[in-house]
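# Per-entry structural report
One-letter residues, chain by chain:
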Amino acid sequence: MAPWKAGIFECGDECCLCCTACFCYCNTTAQIGSKIIGLPCICIAIVLWALFTVQILASMMFNAANSGAMQGPLRLILLGQGPLICLVLSFVATMAAAMVRTCTLARSRELLVKKEGMEPEGCPKTCCCSFWCFPCTSTQIFRQMGYGYGPQKVKAYTGPCNIDEWKVRLEVVEPAV
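Predicted model, so just to flag it, every value in this text is computed and none were measured.

### What about the nonpolar core?
Buried together is how nonpolar side chains tend to be arranged in soluble globular proteins. Core analysis: the largest hydrophobic core is formed by 19 residues, its most contacted members being Tyr-25, Ile-32, Leu-48 and Ile-141. At the level of secondary structure, the elements contributing two or more residues to this core comprise helix H2 (25-37), helix H3 (41-67), helix H5 (82-116) and helix H7 (134-144). With five residues, the single largest contributor to this core is H2. Every residue in contact with Ile-141, bar those within four places of it in the chain, is listed here: Ile-32, Ile-36, Leu-105, Ser-108, Arg-109 and Leu-112. In this structure, Cys-11, Cys-18, Cys-133 and Cys-136 belong to the second largest nonpolar core, which totals six residues.

Here's what the structure looks like:
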């Protein structure tokens, strides 16, 4: 049986792809769901972006209601149980988005394992990886499908800090006075 091209926690080798999966998870999850499961990419993206928007708006309303910054009729509606309603709405939207993302990634991972002839991992590992570390899971899936930028090797400079040496190395040209 063929192994994964990259381990689940080798996402650091694909830093750009991992950051994209972390900060733009709505789009990367939709792309993965579209390519592997066959779901319309735009549908997954719209659902995830809508849930993300509800979560952000509910959080903003909660903060505004608690700070007293909210004015007008909306403040009257949110008086009393308003902050609690906003907090619950934000939590529900966050959990719904996490479930959509987790189910899409877990199913995609499952189908990719079958397609590539790899050893099945079972539900606990697939679901836990998809829920707790979705950027790593997304990166692993993308790399298995042949997408990615290749490993970025960053060399650390450990010598003494000499600014003149760095100017020469970086070819910094000083402006003429």
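Having seen the model, we can carry on.
### Quick notes on the side chain of Thr-29
Along the chain, Thr-29 falls in helix H2. Setting aside residues up to four positions removed in sequence, Thr-29 forms contacts with Ile-44, Leu-48, Arg-101 and Thr-104.

### Some points on the pattern of salt bridges
For the structure shown, the criterion picks out three salt bridges. For Arg-107, the salt bridge identified is with Glu-110, shortest N-O distance 2.6 Å. Of the two residues, Arg-107 and Glu-110 both sit in helix H5, three residues apart, roughly one turn of that helix. You can call Arg-107 partly exposed: its relative accessible area is 37%. Through salt bridges with shared partners, a single ionic network connects Arg-109, Glu-121 and Lys-125.

What counts, and at which threshold
- Each chain has its residues counted from 1, following the order in which its sequence is written.
- The predicted origin of the model limits local features to residues at a pLDDT of at least 70 and limits the giving and counting of side-chain atom pairs to 80 or more, whereas totals for whole chains, interfaces and linings rest on all residues.
- Only hydrogens and water are removed before side-chain values are computed, so all heavy atoms of the structure are retained for them.
- Nine residue types can take part in a nonpolar core, namely buried Ala, Val, Leu, Ile, Met, Phe, Trp, Tyr and Cys, and a core is a set of them joined through side-chain atoms within 4.5 Å.
- Relative accessibility thresholds used throughout: buried, under 20% of the residue-type maximum; exposed, over 50%; partly exposed, between the two (1.4 Å probe, protein chains only).
- To qualify as a helix, a DSSP run of H or I must reach at least 4 residues; to qualify as a strand, a run of E must reach at least 2; elements of each kind are numbered from the N terminus.
- When checking whether two residues touch, look at their non-hydrogen atoms; a contact exists if any pair is within 4.5 Å.
- Basic side-chain nitrogens of Lys or Arg form a salt bridge, by our definition, when they fall within 4 Å of a carboxyl oxygen of Asp or Glu.

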